[in-house]
There are 2 protein chains.
Amino acid sequence: MIRLLIADDHPVVRAGLRALFATEPDLHVVGEAATGENAVEQSRTGVDIVLMDLQFGGGMQGAEATRRIREAPGAPHVLVLTNYDTDADILGAVEAGASGYLLKDAPPVELIAAVRSAASGESALAPAVAGRLEARQNSANEALTSREAEVLGLVADGRSNRDIARTLFLSEATVKSHLVHIFTKLQVSSRTAAVASARERGYIRPA
Amino acid sequence: MIRLLIADDHPVVRAGLRALFATEPDLHVVGEAATGENAVEQSRTGVDIVLMDLQFGGGMQGAEATRRIREAPGAPHVLVLTNYDTDADILGAVEAGASGYLLKDAPPVELIAAVRSAASGESALAPAVAGRLEARQNSANEALTSREAEVLGLVADGRSNRDIARTLFLSEATVKSHLVHIFTKLQVSSRTAAVASARERGYIRPA
DNA sequence: GACGGCATCCATCGATAGTTCGAGGTGCCG
DNA sequence: CGGCACCTCGAACTATCGATGGATGCCGTC
């Protein structure tokens, strides 16, 4: 018997997961949480698996909640279930101690299988997700330095090179220099393409 | 008796909606569609309300599907049910002929109420959404034309003016002209700033 | 039908961004 | 200490962008 805790701020999604697991005799949904804080609390009450959404309307986010849940001794496994497969999200979740990462549009069969493997201690990464993680490892050399990320962040806000230079107390030449490195690492050739690429890869917050 | 068609590419969400409406004796889910195309087909089979997601994994998107559904004589009402409340999405859905616009994190009660009002021909906009629409009307002077939005979308993907020109079969000069109008309306002075501003205002998809 | 308003289209020219070299300074690590 | 990675800057050059100004056609109004 596997006891499940569902943590998602969407009532509809919670109902869907509940309905889905109702068809499996050995899976029992023993709790629902609509916030990250609530999920952490309920995870202490004797559950085997936490199904965790990464996005919550407000307050603690899924990654942080996952970290807190995993801190406790004998903590349940956390299976992250989210909409997006951006690298930043995935990496954040895995670093926080998630045993698996699934997308919400995954077929039910896959979802149920993932719960069972997580319960037996195995890692369960959706194939598409696993591929991305691997790709990221292979191209880890193209990670931006903190200074480059800082510059890129300002570029994403629509600031000009001169403007960025003044903000960071640099010469315009230095800003351009950083940009050249950014372009190379992201394999693009303009600032707007760099921003687009960075968004895709999850280097920049979506909104 | 109200017959419902659920159109969403997430199995979990479909199950959740089904479970949710199962508690209401007068609401009957008579079909599910996982694609926009499928939703259009099934809408002809005698349903009263279509619950439509805007985002689909591939193929026809929700707005286009809504438009096609509403084209038919005696077409069912379409209730858009989505994750985001960006202006672009809302306006697109309403223009396509949606009777209502709800967010997926809305409480079930609100959702069920919306279905009933839509069935009786009323318009059902979530309060938060209605506010945004009104705000948009007030500042309607800065609304982008469809051509401008098209250009801006390509700019946000990091494409160059020449590239955009070729894609839209225009001269580069025309693309620049559209950009000038976009800049004026958004009160910015560079393409990256335009993209940043458009994101803030919800003219562009978050991810 | 003359009119203004608007969306779409185009061309020229100064301003900005990006390239390509160069180089000096720092801090870290084996 | 000698590499190495990172941050910093300059200067000259080219490509692209953005500003300015003008053209067309469509639509609704009076």
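Everything below is about the structure printed above this text.
Since the model is a prediction, treat every value here as computed from it, not as a measurement. (Residues numbered from 1 in each chain as written. Chains lettered and ligands numbered in written order. Predicted model: local features only at pLDDT ≥ 70, side-chain atom pairs only at ≥ 80, totals over all residues. Heavy atoms only, no water.)

A closer look at empty space enclosed by the protein
If you roll a probe as big as a water molecule over the atoms, it shows you where there is empty space left.
Here's step 1: Summed over the entire model, instances satisfying the criterion amount to 2 cavities of 30 Å³ or more.
Here's step 2: Taken as a whole, the largest cavity spans an internal volume of roughly 50 Å³.
Here's step 3: Lining the largest cavity, in full, are Val155(A), Ala156(A), Thr192(A), Val195(A), Val155(B), Ala156(B), Thr192(B) and Val195(B).
Here's step 4: Every element with two or more residues in the lining of the largest cavity is listed here: α7 (146–156) and α10 (191–201) of chain A together with α7 (146–156) and α10 (191–201) of chain B.
Here's step 5: Considered class by class, the residues forming the lining of the largest cavity number 6 nonpolar, 2 polar and no charged.
Here's step 6: In this structure, the second largest cavity occupies an estimated 30 Å³ of space.
Here's step 7: The wall of the second largest cavity is formed by His10(A), Val13(A), Asn83(A), Lys104(A), His10(B), Val13(B), Asn83(B) and Lys104(B).
Here's step 8: The class makeup of the residues in the lining of the second largest cavity is 2 nonpolar, 4 polar and 2 charged. (1 Å grid on protein atoms, 1.4 Å probe; cavity = no way out; pocket = protein on both sides within 12 Å on 5 of 7 lines; lining within 4 Å. Points joined across faces, edges and corners; volume = space filled by probe spheres on them. Helix = DSSP H or I, 4+ residues; strand = E, 2+ residues; numbered from the N terminus. Nonpolar A, V, L, I, M, F, W, Y, C, P; charged D, E, K, R; others polar.)

What about the protein's contact with DNA strand D?
Here's step 1: Every one of the 19 residues lining DNA strand D counts as a neighbour, but Thr145(A), Arg147(A), Ser171(A), Arg162(B) and Arg191(B) are closest to it.
Here's step 2: Contact between DNA strand D and Asn161(B): a phosphate oxygen at 3.2 Å from a main-chain N or O atom of the residue.
Here's step 3: Within the side chain of Arg162(B), an N or O atom sits 2.2 Å from a phosphate oxygen of DNA strand D.
Here's step 4: Broken down by secondary-structure element, the contributors of at least two residues to the surface near DNA strand D are α9 (172–186) of chain A together with α8 (161–168) and α9 (172–186) of chain B.
Here's step 5: With 5 residues, the top contributor of residues to the surface near DNA strand D is α9(B).
Here's step 6: Split by residue class, the surface near DNA strand D holds 5 nonpolar, 9 polar and 5 charged. (Near = heavy atom within 4 Å. Polar contact = N/O pair within 3.5 Å; in protein donor to acceptor, adjacent residues only side chain to side chain.)

Here's the deal with the interface of chain A and chain B
Here's step 1: Listed per partner, the contact involves 29 residues of chain A and 29 residues of chain B.
Here's step 2: Both faces considered, chain A and chain B share a buried interface measuring about 2200 Å² in area, 67% of it formed by carbon and sulfur atoms.
Here's step 3: One can count 0 residue pairs in polar contact (both at pLDDT 80 or more) joining chain A with chain B.
Here's step 4: Breaking the side of chain A that touches chain B down by element, the ones donating at least two residues are α1 (11–22), α5 (108–119), α7 and α10 of chain A. (Contact = heavy atoms within 4.5 Å. Buried area = accessible area lost by both parts, 1.4 Å probe.)

As for the pattern of salt bridges
All names here are of chain A.
Here's step 1: Enumeration according to the criterion identifies 24 salt bridges over all chains in this entry.
Here's step 2: Across the pair Arg-67 and Glu-64 runs a salt bridge whose closest N-O atoms are separated by 3.6 Å. Of this pair, Arg-67 and Glu-64 both sit in helix α3 (residues 62–71), separated by 3 residues, roughly a single helical turn.
Here's step 3: Taken together, the shared-partner salt bridges in this structure form one network comprising Asp-8, Asp-53 and Lys-104. (Salt bridge = Lys/Arg side-chain N within 4 Å of Asp/Glu carboxyl O.)

Some points on the protein's contact with DNA strand C
Here's step 1: Around DNA strand C lies a shell of 19 residues, among which Lys176(A), Arg191(A), Thr145(B), Thr174(B) and Ser177(B) are the nearest.
Here's step 2: Close to the protein, within 4 Å, the atoms of DNA strand C are drawn from sugar and phosphate at a rate of 69%.
Here's step 3: A distance of 3.3 Å is found between a phosphate oxygen of DNA strand C and a backbone nitrogen or oxygen belonging to Asn161(A).
Here's step 4: For DNA strand C, a phosphate oxygen lies 2.6 Å from a polar atom in the side chain of Thr174(B).
Here's step 5: Of all elements in the fold, only α8 (161–168) and α9 of chain A together with α9 of chain B reach the threshold of two or more residues within the surface near DNA strand C.
Here's step 6: For the surface near DNA strand C, the class distribution of residues is 5 nonpolar, 9 polar and 5 charged.

Considerations on helix α3 (residues 62–71) of chain B
Because each turn of an α-helix spans 3.6 residues, side chains separated by three or four positions in sequence point in the same direction.
All names here are of chain B.
Here's step 1: Here α3 has its buried residues at Gly-62, Ala-65, Thr-66 and Ile-69. Looking straight down α3, one finds its buried side chains confined to an arc of 105 degrees; they lie on one side.
Here's step 2: Buried residues along α3 sit against α2 (36–42), β3 (49–52) and β4 (77–82). (Buried < 20%, exposed > 50% of the residue type's maximum accessible area, 1.4 Å probe, protein only. Arc of directions from axis to C-beta.)

With respect to the side chain of Ser43(A)
Here's step 1: Note that Ser43(A) resides in the loop between α2 (36–42) and β3 (49–52).
Here's step 2: With a relative accessible area of 5%, Ser43(A) lands in the buried category.

Comments concerning the nonpolar core
Here's step 1: Ranked by internal contacts, the top residues of the largest apolar core, which has 40 residues, are Leu17(A), Phe21(A), Val115(A), Phe21(B) and Val115(B).
Here's step 2: For Phe21(A), the contacting residues outside a window of four places in its chain are Leu4(A), Leu27(A), Val29(A), Leu51(A), Leu111(A), Ile112(A) and Val115(A). (Core = buried A, V, L, I, M, F, W, Y, C linked by side-chain atoms within 4.5 Å.)

Points about the packing of α8(B) against α9(B)
Residues and elements named next belong to chain B.
Here's step 1: For the pair α8 and α9, the least separation of the axes is 8 Å and the interaxial angle reads 105 degrees. One element, α8, and the other, α9, form an angle in the roughly perpendicular class. Residues Asn-161, Arg-162, Ile-164 and Ala-165 of α8 touch α9, and the partners they reach there are Glu-172, Val-175, Lys-176 and Leu-179.
Here's step 2: Residue composition of the contact of α8 with α9, grouped by class: 4 nonpolar, 1 polar and 3 charged. (Axes fitted to C-alpha atoms, helices over the stretch in contact; angles between N-to-C directions. Parallel < 35°, antiparallel > 145°, perpendicular 65-115°, else oblique.)

Some points on the packing of α9(A) against α10(A)
Packed helices, taken two at a time, are described by their axes: the angle between them and the distance between them.
Residue and element names in this part refer to chain A.
Here's step 1: The interhelical angle for the contact between α9 and α10, taken along N-to-C directions, is 50 degrees, at an axis separation of 10 Å. As far as their axial angle goes, α10 and α9 are oblique. Here α9 and α10 pass one another in a crossing that is left-handed. In this structure, α9 uses Leu-179, Ile-182, Phe-183, Lys-185 and Leu-186 to contact α10, whose residues at the interface are Arg-191, Ala-194, Ser-197, Ala-198 and Arg-201.
Here's step 2: Partitioning the contact of α9 with α10 into residue classes produces 6 nonpolar, 1 polar and 3 charged. (Left-handed = near helix turned anticlockwise from the far one by under 90°.)

Notes on the pairing of β4(B)
Consecutive residues of a regular strand have side chains that alternate between opposite faces of the sheet.
Residues and elements named next belong to chain B.
Here's step 1: β4 sits mainly inside the fold: 5 of its 6 residues count as buried.
Here's step 2: Relative to β4, β3 runs parallel, the two being bridged by 4 bridges. From the neighbouring strand, Val-50 faces β4, where its bridge partner is Val-78.
Here's step 3: Crossover connection from β3 via α3 to parallel β4: handedness right-handed. (Pairing = 2+ DSSP bridges. Right-handed = clockwise from strand over helix to strand, strands pointing away.)

All quantities given are derived from atomic positions and should not be read as evidence of function.
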